[in-house]
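# Coordinate analysis (summary)
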Amino acid sequence: MIPNTTPEPSPTIRPATPDDTEAVVRIYIDSWNAGFGELMSQANRSVTTELVERWKDYLAQPVPHRWWVSEHIGSIVGLAGIGPSRDPIDSELGELYTIAVDPPNWRRGIGKALISLALQHLVADGYGEAILWTVEGYERGIAFYEAMGWKRDGGVRDGGRQIRFRRDLGPLRMPPRP
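Here goes a summary of the coordinates provided. Per-chain numbering applies: the sequence of each chain, read as written, is numbered from 1 onward. Reporting of local features is limited, given that this is a predicted model, to residues whose pLDDT is at least 70; pairs of side-chain atoms are given and counted only at 80 or more, and all residues count toward the totals for whole chains, interfaces and linings. As a convention, hydrogens and water are excluded, and side-chain values are obtained from all of the structure's heavy atoms.

What follows is about the packing of aromatic side chains. Centre distance and the angle of the planes are the two values used to describe a pair of aromatic rings. Here the aromatic set is Phe, Tyr and Trp, taking the six-membered ring for Trp, and pairing holds for ring centres within 6.5 Å; pairs whose planes are under 30 degrees apart are stacked, those over 60 apart are edge-to-face, and all others are tilted. Within the structure shown, the criterion is met by 8 aromatic pairs. Here the aromatic rings of Trp55 and Tyr58 are separated by 5.1 Å at their centres, their planes lie at 80 degrees, and the arrangement is edge-to-face. Separated by 3 residues within a single helix, Trp55 and Tyr58 lie in helix H2 (residues 49-60), roughly one turn from each other. Under the scheme applied here, a residue whose accessible area is under 20% of the maximum for its type counts as buried, over 50% as exposed, and between as partly exposed, the area being computed with a 1.4 Å probe on protein chains only. On the basis of relative accessibility, which here comes to 2%, the residue Trp55 falls in the buried class. The class of Tyr58 is partly exposed, set by a relative accessible area of 26%. With centroids separated by 5.2 Å and ring planes inclined at 70 degrees, the aromatic side chains of Trp55 and Trp67 adopt a geometry described as edge-to-face. One end of the pair, Trp55, is in helix H2; the other, Trp67, is in strand E2 (residues 66-72), with 12 residues separating them in the sequence. Judged by its relative accessible area of 7%, Trp67 is buried. Strands are runs of DSSP state E lasting at least two residues, helices are runs of H or I lasting at least four, and both sets are numbered from the N terminus onward.

Written as structure tokens, this is what we have:
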């Protein structure tokens, strides 16, 4: 028998819609539990009706809020969302609200593609800087954010369990053409 040498298709990214809610919530919960659930008081979270409804509202928000999903072979395998900063509330500061990849798809470039697209849109939306929050001690996530150019800025919340990262978006702006 001849082995199949057809390359597997690459994941694609598209805008998320409220129809994606159940898949988005599943990925959010699965990545939470696998990534940092043990670091939080809410370990082993599960999908609830309230969570699905809250995410349906998130995905339906108009611009400047933006959400994307990454699909691979017909399944949603990742998500990312951006908008104006919520903590601190600052319409001039962008925020990467969430980035999550289904754990079986970690380390396949999906998170990098999602965060790169999110950064492009934060720049296009006119933000000069952006923040994100993550869990203190979540070394996999911290290493990923640092590799993508984010730096801790000293912000903390939730009794120090969450730490803030900041990214200067100026270097990502395209210089005007002559």
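This part covers the layout of surface pockets. Two kinds of site are reported from a 1 Å grid over the protein atoms alone, namely cavities, where a 1.4 Å probe fits but cannot get out, and pockets, open sets with protein on both sides within 12 Å along at least five of seven lines, and residues are called lining when an atom falls within 4 Å of a point. Grid points are joined across faces, edges and corners, and a volume is the space filled by probe spheres set on the points. Taken as a whole, the largest pocket encloses approximately 1,200 Å³ of empty space. Along its surface, the largest pocket is lined by 39 residues, and Phe36, Thr98, Ile99, Ala100 and Tyr145 are the ones closest to its centre. When residues of the lining of the largest pocket are traced back to their parent elements, those giving at least two are helix H1 (21-35), H2, strand E4 (89-101), helix H3 (110-124), strand E5 (129-135) and helix H4 (139-147). The biggest single contributor to the lining of the largest pocket is E4, with 7 residues. Three classes are used: nonpolar for Ala, Val, Leu, Ile, Met, Phe, Trp, Tyr, Cys and Pro, charged for Asp, Glu, Lys and Arg, and polar for all others, with Gly counted as polar. Residue composition of the lining of the largest pocket, by class: 22 nonpolar, 8 polar and 9 charged.

These figures capture arrangement, not role.
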